[in-house]
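# Understanding the architecture of this molecule
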Amino acid sequence: MNRSPLRWAVKSGVSAWHLGEKQKRRRQAELLTVSALEKAKADDLNRNGYAVVTELMDPSIQQTFADAGVMRLKDIEGLEAKQSSNWKKFWVRLLDAEMQNGQLSADNIFVRYAMQSSVVNVISTALGELPWLDYVLLSYSRHTGENLASSQLWHRDHDDVRVIKLFSYLTDVEDDADGPFTFLPKQSTDKFGYPLLGSHFSDEQVFDKVPRGDIKVMKAPRLTSFMVDTTRCLHMGSRMGPGHGRLLYTATFFSFPRMFPAAKNRPFFATPNTTDFQKLLLGL
């Protein structure tokens with residue numbers, strides 16, 4: 001059902017069950033001071049399914065964010081051994097080692113990066129409500145020599161009706177061997193439709209319905225940031241060439257509430273510095 005337009009009916013039913021908090025999140029969105037540029041990026045998200053938001057990132061936090069990524073990359077072998085999941089053989093998850101009981105502190109730089117006011121303003125405006133930050137991820141992609149699998153194949157995310165992801169490159173992604181995030185805008189994805197069988201598709205299956213010229217290949221320097229509604233845009237990435245690696249930050253936002261039952265424990269925990277607004281954003 002989640003792979004079809006019927007998911008909207010499920011979302012409506014679940015939302016009605018949580019109407020009080022849904023309304024609270026809508027009121028919070030209305031109170032935000034949103035700039036013209038942030039509004040334009042939200043419009044891009046809703047119209048095309050993506051927006052490049054590099055210029056909105058806060059320079060006061062960006063260098064700390066970049067340095068933190070480089071620091072973790074230097075210890076990739078140690079962090080690989082401490083992963084909580086390694087089902088994507090081409091990925092190393094670099095934040096698992098610093099989790100406490102499966103949770104990251106709200107003060108963690110990679111959590112704070114997702115809670116920048118510009119990020120919250122754009123996504124809140126696109127969704128019409130304060131979003132739910134589901135998780136943050138720092139992943140290092142590398143060549144394995146194995147057949148393409150999982151997110152290296154074309155797919156949409158079916159976790160909810162709207163899933164907006166903030167991506168930031170922490171290494172230069174200059175050519176195809178660097179595994180650029182690649183996607184089809186909303187209008188092109190609509191041509192592909194909703195196949196009832198299968199969730200991941202080969203290039204041949206996709207381009208049998210959609211012109212190859214429609215693809216967007218995000219080749220860009222480090223610290224480039226962009227948002228994609230991964231429910232509305234077919235996408236793939238991490239197709240690495242030998243000797244190449246890609247360090248990517250991902251923050252995933254949902255419209256509240258989740259269509260699937262959330263895990264008992266949220267992936268974040270509050271600190272004395274965490275505001276009530278941030279707690280709402282983090283689902284705490």
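See above for the structure.
Please read these numbers as outputs of a predicted model, since none were measured by experiment. (Residues numbered from 1 in each chain as written. Predicted model: local features only at pLDDT ≥ 70, side-chain atom pairs only at ≥ 80, totals over all residues. Heavy atoms only, no water.)

### Overview of the overall build of the chain
The helix and strand tally for the chain stands at ten helices and 13 strands. Taken over C-alpha atoms, the radius of gyration comes to 18 Å for the chain, in line with the 19 Å a tight globule of 284 residues would show. Every one of the 284 residues in the chain was classed for burial, and the buried ones make up 53%. Partitioning the contacts of the chain with sequence separation of at least 6, the portion at a separation of at least 24 is 85%. Charged side chains in the chain number 36 positive and 32 negative. The centres of these two groups are separated by 5 Å. (Helix = DSSP H or I, 4+ residues; strand = E, 2+ residues; numbered from the N terminus. Rg over C-alpha atoms; globule rule 2.2 N^0.38 Å. Buried < 20%, exposed > 50% of the residue type's maximum accessible area, 1.4 Å probe, protein only. Contact = heavy atoms within 4.5 Å. Lys, Arg positive; Asp, Glu negative; His and termini not counted. Charge placed at Lys NZ, Arg CZ, Asp CG, Glu CD.)

### A few points about the pairing of strand 10 (residues 225-229)
Burial runs high along strand 10: five of the five residues are buried. The alternating pattern of strand 10 places Ser225, Met227 and Asp229 and Phe226 and Val228 on opposite faces, both of which are buried. Sheet analysis places strand 1 (residues 50-52) next to strand 10, joined by three bridges and oriented antiparallel. Opposite Tyr50, over in strand 10, you have Val228 as the bridge partner. Summarising the sheet, strand 6 (residues 163-169) and strand 10 pair through five bridges and their orientation is antiparallel. Counted as the bridge partner of Lys165 is Val228 from strand 10. (Pairing = 2+ DSSP bridges.)

### Overview of the environment of Glu30
Here Glu30 is to be found in helix 2 (residues 19-31). In the structure, Glu30 is positioned ten residues away from Ala40 in sequence and 16 Å away in space, judged by C-alpha atoms.

### What to know about the sheet that holds strand 4 (residues 132-142)
Across the sheet, six strands lie side by side as 1-10-6-12-4-2; this open sheet has antiparallel pairing. A strand with exactly one partner marks an edge of an open sheet, and here the two such strands are strand 1 and strand 2 (91-93). Direction aside, neighbouring strands of the sheet carry axes that sit 25° apart on average. This element, helix 7 (residues 117-127), spans strand 6, strand 10 and strand 12 (245-254) of the sheet and lies at about 155° to strand 6. (Axes fitted to C-alpha atoms, helices over the stretch in contact; angles between N-to-C directions.)

### So, the layout of surface pockets
Considered as a void within the structure, the largest pocket measures approximately 930 Å³ in volume. Lys88, Trp91, Tyr135, Leu137 and Lys165 are, among the 42 residues lining the largest pocket, the residues nearest its centre. Those elements that provide at least two residues to the lining of the largest pocket are strand 2, strand 4, strand 6, strand 11 (235-236) and strand 12. Of the residues forming the lining of the largest pocket, the biggest block, five residues, is contributed by strand 12. By residue class, the composition of the lining of the largest pocket is 17 nonpolar, 15 polar and ten charged. (1 Å grid on protein atoms, 1.4 Å probe; cavity = no way out; pocket = protein on both sides within 12 Å on 5 of 7 lines; lining within 4 Å. Points joined across faces, edges and corners; volume = space filled by probe spheres on them. Nonpolar A, V, L, I, M, F, W, Y, C, P; charged D, E, K, R; others polar.)

Spatial relationships are all this shows, so hold off on functional conclusions.
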